[in-house]
Structures are given as C-alpha cells and as structure tokens.
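Breakdown of the fold
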Amino acid sequence: MGTGPGRAVLLTAVLGSGMALLDSTVVTVALPHIGRDFGVGLAALQWTVNAYMLTLAGLILLGGSLGDRYGRRRIFLLGVIWFALASLACGLAPGAGVLIAARALQGVGGALLTPGSLALLQSVFRAEDRAPAVGAWSGLGGVAAAVGPFVGGWLVDGPGWRWVFLINLPVAAVCVLVARRCVPETRDPAAGGRFDVLGAALGALALGAVTYALIAAPGRGASPAVLGPAVAGVLLGVAFVVVERRRPNPMLPLEIFRARTFTAVNVVTLFVYAAFSGFFFLAVLQLQIVAGWSALAAGTALLPTTVLMLLLSARSGRVAERIGARLPLTVGPLLCAGGLLLMTRAGSGAVYWRDVLPALVVLGLGMAVLVAPLTATVLASVDVSRAGLASGINNAAARAAGLVAVAALPLAAGMGEDAQRDPAAFDAAFTRAMVLCAGALVAGSVLAWTTVRERRRRSCHPECAYHCGVSSPPLDPGET
C-alpha cells in the first residue's frame with residue numbers, strides 16, 4: 001500500500017470502478033432535464049437508469065470470468081475503453097430511444113471493468129495489505145458514487161446534461177494510461193473450458209423481463225402485456241438455475257454458495273443495495289420536484305455522505321479486520337435505515353440544515369461502517385484464485401438489487417407515470433418509498449447478525465501461512 005506501484009494499482013482500480021459508479025449516480029440528477037428535453041414520462045426515465053443496470057447485472061459474472069482467464073488487466077482496459085465510447089454515444093443521443101440503447105452499451109463496458117477493478121487488488125496486493133486496499137477502494141469508490149449528484153448538478157445547470165456522459169472520456173484516458181504503464185497482468189491459471197453464453201443470456205433475459213413488467217405495471221395494470229413478461233421472467237430465472245447446475249463450466253458455479261459466509265453476505269448485499277439504489281434514484285428527484293431546488297443544489301446536498309465515506313471507509317475496513325464483520329454489517333444498515341427515515345422530512349419548503357443534513361450524516365456514517373467490511377468479507381470467504389468470480393457475483397447481486405428496486409419501488413410506493421409533474425403526489429410516494437427502503441435495510445441487518453460468523457485470524461506454522469496466504473498474530477499459549 002505504501003509503495004509507488006501499489007498506489008498506481010489502487011489509482012487504476014478506483015478510476016475505473018469510480019467512473020462506472022459516478023455514472024450510475026450522476027445520471028439521476030439529470031433525469032428531470034432529460035425528461036423535459038425529450039418530452040418523456042417516468043417510465044422512460046426509469047429505463048434510462050435501468051438499461052445500464054440491466055446489462056451490467058446480466059453480464060458482470062461473465063466479465064469476471066473473462067478477466068480470470070484472459071488477464072484481469074486486459075479485460076479491465078477493454079471495459080474502460082468500451083465504457084468511454086458508449087458514454088460518447090449517450091452524450092450525442094438525439095432522443096430517448098438512442099439514449100436508452102447507449103446506456104445499455106455502457107452497462108456492457110461496466111460489466112467488463114467493474115469486477116476487474118476489485119480483482120486487481122485481490123490478486124496483486126500481498127495478503128496483509130488486501131483489506132486496507134479494499135477498504136480504500138470501497139471508500140474512494142463510494143465517494144465517486146456519492147459525489148455523482150453534485151457533479152451531475154453542476155454539469156446540468158452549467159454546460160448541460162449531455163456533459164454528464166462526456167465527462168467520462170478524460171477519466172477513461174487517464175485510467176488507461178496508468179494501467180498500461182503500472183499495473184501487472186494476472187490471471188487464474190486453472191481457468192478453462194467454454195464460456196457460459198447461454199447462462200449469461202438467460203440471466204439477462206430474466207432480469208429484463210421482470211424489469212419490463214415492473215416498469216409497465218403503473219400504466220397498464222394487470223394486463224397481458226405486464227403479466228406475460230413477469231411470468232416469462234420467472235420461468236427464465238428457473239431455467240437459468242437449472243442450466244447453471246448442469247453445465248460443466250457455468251458462469252455462476254452454484255457450489256460457491258456452499259460457503260455460508262459468502263452466501264449470507266451476498267443476500268445482505270441484495271437488501272442493502274436495493275435500498276441504496278432506491279434512495280439515490282428518488283432523493284435528488286424529491287429535492288428538485290418537491291423542494292424546488294436546482295439540480296446543483298440537490299446534488300450538493302448529498303455531499304456529507306461523500307465526506308464521511310472518504311474519511312472513514314478505509315478505517316472501517318481495518319476495524320472490521322480486527323473485530324470481525326458481523327458487528328459492522330449489523331450496525332451499518334441500521335444507521336442507514338435511520339438516515340432514510342429522517343429524509344422523509346425533506347418535503348416542500350425543506351430547510352437544508354434542519355431537514356436534509358441530519359439524514360445524510362446518519363446515512364453517511366452507516367455507509368462508512370458497512371461498505372468496506374461487506375466487500376472485504378465477500379472476498380475473504382473464497383480462495384484468492386476465484387477473486388474475479390466472487391467480485392462478479394457480489395457486484396451482480398448489488399446491480400440486480402438496484403435494477404429491481406428502481407423498477408419496483410415507484411410501483412410499490414404508488415408513484416404513477418406522471419408523478420414527476422405532481423409535487424404533492426410525488427412527496428407522498430417518496431415518504432412511502434423511504435419507509436420501504438428502511439425496512440429492507442433492517443432486514444439486511446437482522447440477516448447479517450443471524451448468519452455471518454466471526455472470523456478471528458489465527459496464525460499457524462509459517463509454511464502453512466505461506467501456502468494459505470494469511471498473516472496473523474501469534475498463537476495463544478497452549479494452542480496447536
């Protein structure tokens with residue numbers, strides 16, 4: 001961590017994943033302006049967000065496998081370049097249809113670079129530096145996600161919403177330059193066999209069908225146009241599980257879920273990131289539509305979460321390494337739930353210092369406590385050689401949760417197709433949505449407390465420690 005090459009690897013991983021995370025949040029601030037410019041309703045705005053998350057969630061496991069086999073740096077760089085070109089297409093889109101299609105292409109690039117960024121850290125850093133490196137990556141990546149609304153607001157109110165996408169081009173250029181010069185290539189020598197294209201297709205189609213049904217439901221109700229895709233999505237999901245169980249080289253090896261901690265933390269990820277995605281999708285809309293703030297003011301309002309993530313995430317990773325992940329994974333979601341409930345005060349005539357800031361401070365503290373231990377625990381629960389796969393699964397869980405949340409939360413909260421044009425109706429639906437998100441976080445906290453086992457590091461014979469890749473305190477007297 002303290003060397004020049006180590007800092008370069010960390011910078012590369014943060015730039016790549018941060019670009020994808022920044023884009024996933026910065027776009028939300030621009031949604032009201034995109035809707036007005038293109039004359040579209042809430043469904044099109046949901047698809048502007050979900051087209052990206054759909055391809056990202058559906059292909060991210062394949063991206064991790066490609067990196068393990070062909071080289072993590074190579075696939076990471078391919079993803080960065082792909083993402084930059086798709087961002088250019090988004091910035092030049094003449095209409096909503098082209099923008100949504102370009103966002104789907106962005107998701108493909110994100111599926112290649114996102115698992116690779118974390119796998120680079122896990123495969124390049126020595127064992128005792130992995131947790132701090134992952135903590136720093138999580139914190140800085142969280143900063144990128146949190147600072148997105150601020151950057152988006154500044155761009156939307158300044159040069160225009162198209163620069164929300166065009167800003168990715170210089171970031172990608174720096175990332176490619178540093179990676180090519182400073183990051184070593186790594187791969188899994190045991191990776192082989194055919195790629196599971198059928199599994200990737202079934203997973204993406206299942207998510208796409210369910211997402212379509214959820215977004216279409218407010219306007220079409222329980223019609224065949226909604227029920228048909230919903231049933232098809234469920235059947236495709238079942239087919240995905242059957243195919244993955246029977247194929248010799250599946251995209252999602254189901255045996256990896258035999259590790260109890262790995263499975264438990266990924267389920268916690270589903271609850272937590274569903275809540276986060278729902279919050280960041282709706283909060284900046286609430287501040288613009290209901291509170292009447294500008295895009296810049298709405299984005300700037302979320303900066304406290306940025307500062308807290310920057311200051312505390314790396315330390316949180318180190319603390320969790322010493323005391324175990326169970327307590328942070330339990331306390332973090334509860335703090336976040338409290339922050340979301342406080343955010344229901346941000347209605348018409350909201351005063352920042354009284355109605356918004358307390359909520360964001362509590363939320364930021366919860367995210368700082370939670371995010372780094374969550375990521376580190378997922379990676380620590382599997383062998384280092386499967387870092388790309390584990391990272392891909394955890395990222396897929398997070399993106400799939402966000403995808404479903406953005407599609408389902410407006411429906412569950414009673415937010416109609418034209419809700420963004422009725423501030424009173426949007427405000428009432430926002431309050432219901434925050435309660436639902438807080439409930440998801442509480443469920444994640446309870447699940448973490450009841451299922452995650454403490455992992456206290458213990459040393460063994462130096463030769464065993466060498467082969468296991470661990471470094472621990474000495475044994476207590478009398479232990480063998």
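Structure's up top.
When helices and strands are counted, the chain shows 17 helices and zero strands. In terms of C-alpha radius of gyration, the chain reaches 21 Å, essentially the compact-globule figure of 23 Å for 480 residues. Residue burial in the chain is summarised as follows: out of 480 residues, 57% are buried. Contacts in the chain between residues far apart in sequence, at least 24 positions, make up 84% of those at least 6 positions apart. Taken as a whole, the chain presents about 19100 Å² of accessible surface, with 67% of it coming from carbon and sulfur. Taken together, the 35 basic and 22 acidic charged side chains of the chain have centroids lying 3 Å from each other.

Take Glu244: it is sitting in helix α9 (residues 224-246). One buried charge, Glu244, has no salt-bridge partner; the nearest side chain with opposite charge is Arg247, at 5.3 Å. Sequence-distant contacts of Glu244, defined by excluding residues within four places in its chain, comprise Asp196, Gly199, Pro250, Met251, Leu252 and Leu254.

A separate point is the packing of aromatic side chains. Taken as a whole, this structure holds eight aromatic pairs when the rule is applied. Geometrically, the ring pair formed by Tyr52 and Phe83 is edge-to-face, given 6.2 Å between the ring centres and 80° between the ring planes. Residue Tyr52 is found in helix α2 (residues 42-70), and its partner Phe83 is found in helix α3 (residues 72-91); the two are separated by 31 residues along the sequence. On the basis of relative accessibility, which here comes to 2%, the residue Tyr52 falls in the buried class. Relative accessible area serves as the criterion here: at 0%, Phe83 is assigned to the buried category. Site record: aromatic cluster; members linked through ring pairs are Phe38, Trp161 and Phe165. Lying over the aromatic face of Trp449, Arg326 brings its terminal NZ or CZ to 3.7 Å of the ring centre.

Time to look at the packing of helix α1 (residues 4-38) against helix α10 (residues 260-289). Two packed helices can be described by the angle between their axes and the distance between those axes. Between α1 and α10, the shortest axis-to-axis distance is 8 Å and the interhelical angle comes to 50°. Between α1 and α10, the crossing angle belongs to the class labelled oblique. By crossing handedness, the relation of α1 to α10 is classed as right-handed. Residues Thr28, Val29, Leu31, Pro32 and His33 of α1 touch α10, and the partners they reach there are Phe280, Phe281, Val284, Leu285 and Gln288.

Here the focus is the nonpolar core. With 141 residues, the main nonpolar core has Phe276, Phe279, Leu282, Leu287 and Met343 as its most contacted residues. Sort the elements by how many residues they give to this core and α10 lands first, with 18 residues. Apart from residues no more than four positions distant in its own chain, Met343 is found in contact with Phe279, Ala283, Leu287, Val356, Ala359 and Phe430.

Scanning all chains against the criterion turns up two salt bridges. Among the salt bridges present, the one from Arg345 reaches Asp355, with a minimum N-O distance of 3.1 Å. Within this pair, whereas Arg345 is found in the loop between α13 (326-342) and α14 (352-380), its partner Asp355 is found in helix α14, the two being separated by 10 residues in sequence. Salt-bridge contacts for Arg354 lead to Asp355; the nearest nitrogen and oxygen are separated by 3.0 Å. Through salt bridges with shared partners, a single ionic network connects Arg345, Arg354 and Asp355.

Turning our attention to a nonpolar patch on the surface. Together, Val319, Ile323, Leu327, Val331, Leu335, Val361, Leu365 and Trp449 give the surface a local cluster of nonpolar side chains, amounting to about 580 Å² of exposed area. When contributions to the nonpolar patch are tallied by element, the ones reaching two or more residues are α12 (303-323), α13 and α14. Here the nonpolar patch gets three residues from one element, more than from any other, and that element is α13. On the basis of relative accessible area, Leu335 is assigned to the partly exposed category, the value being 30%.

What counts and how
- Residues numbered from 1 in each chain as written.
- Predicted model: local features only at pLDDT ≥ 70, side-chain atom pairs only at ≥ 80, totals over all residues.
- Heavy atoms only, no water.
- Helix = DSSP H or I, 4+ residues; strand = E, 2+ residues; numbered from the N terminus.
- Rg over C-alpha atoms; globule rule 2.2 N^0.38 Å.
- Buried < 20%, exposed > 50% of the residue type's maximum accessible area, 1.4 Å probe, protein only.
- Contact = heavy atoms within 4.5 Å.
- Areas by Shrake-Rupley, 256 points an atom, 1.4 Å probe, with all protein chains shown as cover.
- Lys, Arg positive; Asp, Glu negative; His and termini not counted.
- Charge placed at Lys NZ, Arg CZ, Asp CG, Glu CD.
- Salt bridge = Lys/Arg side-chain N within 4 Å of Asp/Glu carboxyl O.
- Phe/Tyr/Trp six-rings, centres within 6.5 Å; stacked < 30°, edge-to-face > 60°.
- Lys NZ or Arg CZ within 6 Å of the ring centre and 35° of its normal.
- Axes fitted to C-alpha atoms, helices over the stretch in contact; angles between N-to-C directions.
- Parallel < 35°, antiparallel > 145°, perpendicular 65-115°, else oblique.
- Left-handed = near helix turned anticlockwise from the far one by under 90°.
- Core = buried A, V, L, I, M, F, W, Y, C linked by side-chain atoms within 4.5 Å.
- Patch = residues over 30% accessible without salt bridge, like charges linked within 9 Å, V, L, I, M, F, W, Y side chains within 5 Å.

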